[in-house]
Number of protein chains: 2
Amino acid sequence: MLTAKQQQLLVFIQERLAENGVSPSFDEMKDALGLKSKSGVHRLVNALEERGFIRRMANRARALEVLKMPEKLSGTAASNVVAGNFGSAGPRSIPSRDDQGVEIPLHGRIAAGTPIEALENRDSFVSIPPGMLGRGNCYALEVSGDSMVELGILDGDTVVIESTDTARDGEVVVALVDREEATLKTLRRNGQFIELVPANRDYSTQVLEAKRVQVQGRLVGLLRQYH
Amino acid sequence: MLTAKQQQLLVFIQERLAENGVSPSFDEMKDALGLKSKSGVHRLVNALEERGFIRRMANRARALEVLKMPEKLSGTAASNVVAGNFGSAGPRSIPSRDDQGVEIPLHGRIAAGTPIEALENRDSFVSIPPGMLGRGNCYALEVSGDSMVELGILDGDTVVIESTDTARDGEVVVALVDREEATLKTLRRNGQFIELVPANRDYSTQVLEAKRVQVQGRLVGLLRQYH
DNA sequence: TCGGTATGTTCTCTTTTAGTTCACCTTTTG
DNA sequence: CAAAAGGTGAACTAAAAGAGAACATACCGA
């Protein structure tokens, strides 16, 4: 599953976390691998993240988390959660995890077809597999409406959203329009405009000036329950 | 199920992964099998993937993963694991539960379009929200194929199955046909016959005598991960 | 609020390693 | 015998990895 370098880095990260609970910086990883530039580390970290071995928060220092280890080494696998930047502003809680799963808050419903339903804060949580986490804070929404059925997102599904204010072309995002109406749609950039594309022939694409649209998060997972 | 060469290669891959957690390259596999060209290895790897013994990430180097081993060899190779909490099978057959989540075994892939894939023996688990459990024993399968897309079940999704040998009309079930071919389909009773209905216009309904069809479980949940 | 320090991110270039495909031949097996 | 599996070699494409620099962001303290 891993290349030699990826494995070497993963082991190093995991050791550092076990030793002192602080994840190494890119420079430290660079030195540990005997490199002269940290861009290579960056690539390795991305590869590990892509393969589901670690998780990280974007643009946060020393915010690596080991999700699993290759089987050979699994005896030492730990679930250290460490965020750097202690004592700074913001309630930046990384969801706690144990070996079973991760709990994330359920923030209400999102009408995939029309408007928002303001985020509520009843104490409601769902647990998801650790691998389904994105990089940042995650929360869940219940899908209402059928505008995304052609992408397999049905009315009543629970979607896992990673908080972010940026998204790449083609990603499914929670988009807030005119600061009042949130929907789940595929995002497309088109010059000055942003297109919010539904996945249902009965709905049409909204084309909006970029400034009217605010990305609130991107889709990273989906849960469905059959009755 | 496997040819001699396929088996030989599978064992080699599994050994390498157990030894150092790094999957072998095509060249290394070529040497291990005493070949002079790696195109043969390519064919063998494809065969193993097609039969569900391994999984690989498309266009990634050294990204092989062993999903199961032929029955007669199971256990042999994993014996290198020292004291992992991963490799040990443990008395885990009864799903442990707490308030966080539940771990259920991942039993392999099910080709929603065509044949079965025998249950494997790797200790692989996914955690799911407690509410997603059915009443009986549950396990997970990875969906392969697109025959259920119109019900929002996509290739690569993980489905949660509750073991049962009965199902009501209209439920989505894992059905074993002639004791050898399992598929995920909507079940319909029609007098003496049972219809296995796909959710994709490109596939057609199978109509079978009731005695040829055995229900193995019913669909109770679905998980999907976006990348 | 400003600027400095520490960190993370991107980009371009280069080399090395690895995966894919194709045409053609040989062996095994039902 | 015919079909399937296996083997060879070469050309081609793509990914992994390393370097170095510029740039962006977060944080901290004055």
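Residues numbered from 1 in each chain as written. Chains lettered and ligands numbered in written order. Predicted model: local features only at pLDDT ≥ 70, side-chain atom pairs only at ≥ 80, totals over all residues. Heavy atoms only, no water.

Caption draft 1: Geometry of the overall build of chain A. Helix and strand counts for chain A come out as 3 helices and 11 strands. Ordering the α and β elements of chain A from the N terminus gives α-α-α-β-β-β-β-β-β-β-β-β-β-β. Counting all 227 residues of chain A, 49% fall into the buried class. Within chain A, counting contacts between residues at least 6 apart in sequence, those at least 24 apart form 58% of the total. A total accessible area of about 10600 Å² is found for chain A, and carbon and sulfur atoms account for 47% of it. (Helix = DSSP H or I, 4+ residues; strand = E, 2+ residues; numbered from the N terminus. Buried < 20%, exposed > 50% of the residue type's maximum accessible area, 1.4 Å probe, protein only. Contact = heavy atoms within 4.5 Å. Areas by Shrake-Rupley, 256 points an atom, 1.4 Å probe, with all protein chains shown as cover.)

Caption draft 2: Just the nonpolar core, in detail. Ranked by size, the top nonpolar core spans 32 residues in total, and within it Val159 and Leu184 of chain A together with Val159 and Leu184 of chain B carry the most contacts. Counting residues in each nonpolar core, the second largest holds 23 residues, with Val102, Ile104, Ile128 and Val160 of chain B among its members. (Core = buried A, V, L, I, M, F, W, Y, C linked by side-chain atoms within 4.5 Å.)

Caption draft 3: How the structure looks around the protein's contact with DNA strand D. Every one of the 30 residues lining DNA strand D counts as a neighbour, but Lys36 and Arg43 of chain A together with Thr3, Ser39 and Arg43 of chain B are closest to it. Taking all atoms of DNA strand D within 4 Å of the protein, the share assigned to sugar and phosphate is 54%. At 2.6 Å from a phosphate oxygen of DNA strand D is found a main-chain nitrogen or oxygen belonging to Lys36 of chain A. Contact distances for DNA strand D include 2.8 Å between a base nitrogen and a side-chain N or O atom of Ser37 of chain B. Elements represented by at least two residues in the surface near DNA strand D include exactly helix H1 (4-20) and helix H3 (39-50) of chain A together with helix H1 (4-20) and helix H3 (39-50) of chain B. Ranked by residue count, the leading element in the surface near DNA strand D is H3 of chain B, at 4 residues. Taken together, the residues of the surface near DNA strand D break down into 6 nonpolar, 13 polar and 11 charged. (Near = heavy atom within 4 Å. Polar contact = N/O pair within 3.5 Å; in protein donor to acceptor, adjacent residues only side chain to side chain. Nonpolar A, V, L, I, M, F, W, Y, C, P; charged D, E, K, R; others polar.)

Caption draft 4: Layout of the protein's contact with DNA strand C. Around DNA strand C, the surrounding shell holds 19 residues, and the nearest of these are Phe26, Arg56 and Arg62 of chain A together with Phe26 and Arg62 of chain B. Counted by atom, the contact set of DNA strand C within 4 Å of the protein is 66% sugar and phosphate. Arg56 of chain A is positioned with one of its side-chain polar atoms (N or O) 2.4 Å from a phosphate oxygen of DNA strand C. Phe26 of chain B places a main-chain nitrogen or oxygen 2.6 Å from a phosphate oxygen of DNA strand C. Contributing elements (two or more residues each) for the surface near DNA strand C: H3 of chain A together with H3 of chain B. Taken together, the residues that form the surface near DNA strand C break down as 4 nonpolar, 7 polar and 8 charged.

Caption draft 5: Geometry of the pattern of salt bridges. With the rule as written, the count across this model stands at 32 salt bridges over all chains. As a salt-bridge pair, Arg51 of chain A and Glu50 of chain A come within 3.5 Å of each other at their nearest N and O atoms. When its relative accessible area of 37% is taken as the criterion, Glu50 of chain A is described as partly exposed. Residue Glu142 of chain B is joined to Arg55 of chain B by a salt bridge in which the shortest nitrogen-to-oxygen separation is 2.9 Å. Taken together, the residues span a long stretch of sequence, with Glu142 of chain B in strand S5 (residues 138-144) and Arg55 of chain B in strand S1 (residues 54-56) at a distance of 87 residues. (Salt bridge = Lys/Arg side-chain N within 4 Å of Asp/Glu carboxyl O.)

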